[in-house]
2 protein chains.
Amino acid sequence: MSKFLSSKFSSLTPYTPGEQPKERKYIKLNTNESPFPPSEPVIKAAAEEAGNVMLYSDPESRVLTETVAKRYGLNFENVLMTNGSDEILNFAFMAFSDENNPIVFPDITYGFYPVFAQLNHIPYETIPLEDDFTIDYKKYCGINKNIVIANPNAPTGILMPLSEVEEIVKSNQNNVVIIDEAYIDFCEFDGDLLDVNPASAVNLLGKYDNLIVTQTFSKSRSLAGARLGFGMASEALINDMNTIKYSTNPYNVNRMTAAAGTAAILDDEYFMKNCKTIIETRKYVKAELEAEGFKVLPSSANFLFIKADYISGEELYTELRKEGILVRHFNTPRLKSYNRVTVGSKEEMDAFLTAVRKIKNKE
Amino acid sequence: MSKFLSSKFSSLTPYTPGEQPKERKYIKLNTNESPFPPSEPVIKAAAEEAGNVMLYSDPESRVLTETVAKRYGLNFENVLMTNGSDEILNFAFMAFSDENNPIVFPDITYGFYPVFAQLNHIPYETIPLEDDFTIDYKKYCGINKNIVIANPNAPTGILMPLSEVEEIVKSNQNNVVIIDEAYIDFCEFDGDLLDVNPASAVNLLGKYDNLIVTQTFSKSRSLAGARLGFGMASEALINDMNTIKYSTNPYNVNRMTAAAGTAAILDDEYFMKNCKTIIETRKYVKAELEAEGFKVLPSSANFLFIKADYISGEELYTELRKEGILVRHFNTPRLKSYNRVTVGSKEEMDAFLTAVRKIKNKE
């Protein structure tokens, strides 16, 4: 810390991204990326736009925003595109919470929420997960405070039913409720190509003006490295977040990413196929791990949260790393016996399972 | 404004970007973009990276950062890459100014400075430009406050000599001085391919630990729509701004833009050729306008700030627009008789001059 840093930030603890090691090639099951490359039309759209980058991007990202809005049955005025979903989350924290308006979230969830709160000097309260790592929605009902909930939650992968989400939103209508749906596309559902996943709070947007739903192109749409996220809400809430955006970084989404994002939405078939593959692979890996004696939380995301009695979380992490496989370990009291394992391709997961069995045999 | 917006932001006035009209095709001389597309290696690098975007970008942007650092004779630890230079400016405002540490800048300068100050609840003071639109550096010496100066300044284009910049930095060593060099590459100099423009405060970085220099790839490097800017400073100041970055958006620079930026730095010859062309075109247009009776401020940037006695600033703006040419007009008391005109290609500027003569003949 330099002598010049504002005292406001002297105790700020930044977020720690999952490691991106460069010293050797790993099977990366630590940051919940997609194992599938973007589709050919997406690559082509981004590549073609590379020749136009001498001109600023559209501050409104109008084409992209309208495409996303249409996909989710909304209007242009209900959607705000951002440089990853971290940006829309930060805008939502900034706009609606402050010293006098605290924010509430589970004690175990996306690790960035307490950082956004600290950054913006927002008091925050955490509500412990139940013993089985579920969220008891009743503890959030009628609390008259701003709330943010990741659904499915991270790093557990557990989904809260939409009816419970609705109870939280409905019973806190003087406050903003943010539902962070980074992983919603991996929720299993019946049927084929659907406009909106039935588990998504997007289905509630017409009914509640205090609801913000955030999603990302980083997971199900294979664009983690292009940086694209978005928020969906009433026009009034979107306008407020645009006030923050236009006071921070009006050209926040670059041309290549906007083109890639638009093409990705239009190529829904590829997206749905990949989501279905991940869901199938997730079932397969869960069954295999349970056969090896692992406890595996019921996941609706593209990762599994797992532990075994015969090995500590940290030891499994370390041994997997030696085998060339990276998973994510959180060294906190309630999480330290677990590891979070991204659901990659079938081949990656077979390599992971082989390593798990090899490590078990050594114990 | 919704009833949910924090009262902190109830009077926040966002920045207004230059217009990006879609209703017809204009010659765009209103947002200081480059008339030259990115070079072939840059387009190729970005396009190739489009196939890898299912993986997160490197939070450190290490390859890009090292390439930029080497280009400017610095180390990795002295450089922070951001999503456009607006982002590094916001980080610098956030990190070093606060309720108790105001920031000072000229009354006429980049319009985003007062917005960043309002956004972050930083009191700010402005010092009027002299009658000839220059900055009297002595008014900034020893004031013991944080300072931000655009050099060359906008929308005037006037350059402050490096010796005067140094006096300001040297005499305020208990405070941070930000030199915003968005347009520095268009300062004329003798000689050929130079590592660092002799007018740039980068040349002072080794001597002062309170200096931050910001630059952008949006103007001289033809990457406005890719969004890439950076800050250069002592390791301690960069670390402080990284604390903000990792608490806001760790993956702020996407993969395609990082690849484009690296390739752009390595293709210095193309960049220098374009800068020289802009400087020559600027001289040509200035002489032509002066022959038509215009007052043209001495510009070291890729734009000219111009006025004529025979027509108001607003009328010239409106008439040029009718002719299919967009320039930027600022409707404030001291600026309203002027227009800011980007220096585009020779062909664009000839079209502009033809339109100016046509409008003059109508008066």
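All values reported here derive from a predicted model rather than from experimental measurement. (Residues numbered from 1 in each chain as written. Chains lettered and ligands numbered in written order. Predicted model: local features only at pLDDT ≥ 70, side-chain atom pairs only at ≥ 80, totals over all residues. Heavy atoms only, no water.)

J.: What should I look at first to understand the overall build of chain A in this one?
T.: Regarding its fold elements, chain A presents ten helices and twelve strands. Scaling as 2.2 N^0.38, a compact globule of 363 residues should have a C-alpha radius of gyration of about 21 Å, and chain A matches this with 20 Å. In terms of its C-alpha atoms, chain A occupies a principal-axis envelope of roughly 60 × 55 × 45 Å. Within chain A, the fraction of its 363 residues that count as buried is 63%. Carbon and sulfur atoms make up 49% of the accessible area of chain A, which totals about 13300 Å². (Helix = DSSP H or I, 4+ residues; strand = E, 2+ residues; numbered from the N terminus. Rg over C-alpha atoms; globule rule 2.2 N^0.38 Å. Buried < 20%, exposed > 50% of the residue type's maximum accessible area, 1.4 Å probe, protein only. Areas by Shrake-Rupley, 256 points an atom, 1.4 Å probe, with all protein chains shown as cover.)

J.: Quick question: what am I supposed to make of the pattern of salt bridges here?
T.: Two side chains bearing opposite charge may form a pair once their charged atoms approach each other closely. Counting across every chain of the model gives 44 salt bridges over all chains. Linking Lys170 of chain A and Glu167 of chain A is a salt bridge whose minimum nitrogen-to-oxygen distance equals 3.8 Å. Residue Lys170 of chain A and its partner Glu167 of chain A are both found in helix H5 (residues 162-170); the two are separated by three residues, about one turn of the helix. Looking at Lys170 of chain A, the relative accessible area reads 40%, which means it is partly exposed. For the salt bridge of Glu66 of chain B with Arg62 of chain B, the shortest nitrogen-to-oxygen distance reads 3.0 Å. Note that Glu66 of chain B and Arg62 of chain B are positioned in helix H2 (residues 62-71) at a spacing of four residues, about one turn of the helix. Relative accessible area serves as the criterion here: at 26%, Arg62 of chain B is assigned to the partly exposed category. (Salt bridge = Lys/Arg side-chain N within 4 Å of Asp/Glu carboxyl O.)

J.: Even after reading the chapter, I still don't get the packing of aromatic side chains, so can you show me in this structure?
T.: For any pair of aromatic rings, the description consists of the separation of the ring centres together with the inter-plane angle of the planes. In total, this model carries 34 aromatic pairs over all chains according to the counting rule given. Summarising the aromatic geometry, the rings of Phe294 of chain B and Tyr310 of chain B are spaced 5.9 Å apart at their centres and angled 85° between planes, so their arrangement reads as edge-to-face. Residue Phe294 of chain B is found in the loop between helix H8 (268-291) and strand E9 (295-296), and its partner Tyr310 of chain B is found in the loop between strand E10 (303-307) and helix H9 (313-322); the two are separated by 16 residues along the sequence. We classify Phe294 of chain B as buried; its relative accessible area is 5%. Arranged with centres 4.6 Å apart and planes meeting at 5°, the rings of Phe305 of chain B and Tyr338 of chain B form a pair that is stacked. Note that Phe305 of chain B is positioned in strand E10 and Tyr338 of chain B in the loop between strand E11 (325-326) and strand E12 (339-342), a separation of 33 residues in sequence. With respect to class, Phe305 of chain B is no different from Tyr338 of chain B; both count as buried. Connected via pairs of aromatic rings, a cluster forms that spans Tyr15, Phe93, Phe105, Tyr110, Phe112, Tyr113, Phe116 and Tyr124 of chain A. The aromatic ring of Phe217 of chain A is capped on one face by Arg221 of chain A, whose charged end is 5.8 Å from the ring centroid. (Phe/Tyr/Trp six-rings, centres within 6.5 Å; stacked < 30°, edge-to-face > 60°. Lys NZ or Arg CZ within 6 Å of the ring centre and 35° of its normal.)

J.: When you look at the relation of the copies chain A and chain B in this model, what are you seeing that I'm missing?
T.: What relates the two chain copies is a rotation about an axis together with a slide along it. In the superposition of chain A on chain B (RMSD 0.0 Å, axial shift 0.0 Å), the rotation amounts to 180°. The superposition operator between the copies reduces to a two-fold rotation axis. Residues of chain A ranked by C-alpha distance from the rotation axis are headed by Ala47 of chain A, positioned 2.0 Å from it. Interface residue correspondence from chain A to chain B reaches 100%, placing this contact among same-surface, isologous pairings. (Least-squares fit on C-alpha atoms with pLDDT ≥ 70 in both. Contact = heavy atoms within 4.5 Å.)

J.: What should I look at first to understand the interface of chain A and chain B in this one?
T.: By a frequent convention, interface size equals the accessible area lost on bringing the separate parts together. With 81 residues of chain A in contact, the opposing surface of chain B contributes 83 residues. Summing the contributions of chain A and of chain B, the shared interface buries around 6300 Å²; its carbon and sulfur component is 59%. If you sort the residues of chain A by the area they bury against chain B, Phe4, Met54 and Tyr56 of chain A come out on top, with a joint share of 13%. On inspection of chain A and its partner chain B, the count reaches zero salt bridges. In this structure, the connection of chain A to chain B is made through 28 residue pairs in polar contact (both at pLDDT 80 or more). (Buried area = accessible area lost by both parts, 1.4 Å probe. Polar contact = N/O pair within 3.5 Å; in protein donor to acceptor, adjacent residues only side chain to side chain.)

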